[in-house]
Amino acid sequence: MYIIAGLGNPTLQYEGTRHNVGFDVIDLLADKYNITVETRKSRAFIGKGMIEGNKVILVKPQTYMNLSGESVKALVDYYKIDKESELLVIYDDVSLGTGQLRIRKKGSAGGHNGIKNIISHLDTDVFLRMKIGVGEKPKKYDLADYVLSRFSKEEREQMEAGYEKAVKAAVMILNGETDAAMNEYNRKVKPEEA
């Protein structure tokens with residue numbers, strides 16, 4: 001069984017912001033595979049279902065981004081999954097171009113407070129993660145303001161293409177094809193390919 005946790009902030013106020021791309025990918029997975037993510041458990045909305053023959057729990061922590069680890073750790077413990085091989089965390093990255101993916105098996109938080117909190121609670125930095133680029137922060141912009149801003153029309157189109165790739169990559173990871181997903185999606189996309 002896998003837990004796929006998409007990070008974001010709860011409430012309508014944050015819907016559609018750069019910081020909520022993890023929630024957006026969970027919503028797409030839920031729609032595509034008819035999984036309802038409405039059960040409240042461990043300070044998250046969760047939904048159980050099947051994705052291409054794999055049992056999954058889709059998770060949207062409701063703790064606010066910076067405390068994501070509290071919810072993720074409680075669910076990892078409750079469902080007794082292997083955090084290093086059966087957990088996939090999806091979140092935003094300001095160092096990647098809009099809609100670009102970067103899949104990793106381990107690594108530092110890279111300044112992302114949600115990931116920092118998950119690493120702290122799980123007591124390891126070895127877990128699968130998929131970063132989705134939300135574009136680099138413009139100079140003189142406050143980082144917190146930037147990640148809580150919404151996408152332009154052009155960026156939204158790039159993000160939608162990125163979300164489709166994220167769904168495909170997540171399915172490859174569930175099917176044990178993490179290395180293949182990394183080879184396919186970690187390369188830089190030229191604007192005309194997006």
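Whatever comes next refers back to the structure up there.
Chemist: Please set out the sheet that holds strand S2 (residues 39–41) residue by residue, giving values where relevant.
Modeler: With respect to topology, 7 strands assemble into an open sheet ordered S2-S3-S4-S1-S5-S7-S6, the strand pairing being mixed. Looking along the sheet, the strands with just one partner apiece sit at the ends: S2 and strand S6 (101–104). Pairs of neighbouring strands in the sheet enclose a mean axial angle of 25°, with direction left out of account. The strands that helix H5 (residues 153–174) touches are strand S1 (2–6), strand S3 (44–51), strand S4 (54–61), strand S5 (87–93), S6 and strand S7 (128–133); relative to S7, the one it contacts most, it runs at about 170°.

Chemist: Tell me about the nonpolar core, and please be specific about residues and values.
Modeler: Membership of the largest hydrophobic core comes to 35 residues, with the highest contact counts inside it found for Leu-29, Ile-51, Leu-58, Met-130 and Ile-132. Where this core is concerned, the elements lending two or more residues are S1, helix H1 (21–32), S4, S5, S6, S7, H5 and helix H6 (178–185). Considering every element that reaches this core, the biggest residue donor is H5, with 10 residues. In this view, Ile-51 contacts Leu-29, Tyr-33, Ile-35, Val-56, Leu-58, Val-171 and Leu-174; residues no more than four positions away in its chain are not counted. Counting residues in each nonpolar core, the second largest holds 22 residues, with Val-59, Met-65, Leu-75 and Ile-119 among its members.

Criteria and cut-off values
- Residues numbered from 1 in each chain as written.
- Predicted model: local features only at pLDDT ≥ 70, side-chain atom pairs only at ≥ 80, totals over all residues.
- Heavy atoms only, no water.
- Pairing = 2+ DSSP bridges.
- Helix = DSSP H or I, 4+ residues; strand = E, 2+ residues; numbered from the N terminus.
- Axes fitted to C-alpha atoms, helices over the stretch in contact; angles between N-to-C directions.
- Contact = heavy atoms within 4.5 Å.
- Core = buried A, V, L, I, M, F, W, Y, C linked by side-chain atoms within 4.5 Å.
- Buried < 20%, exposed > 50% of the residue type's maximum accessible area, 1.4 Å probe, protein only.

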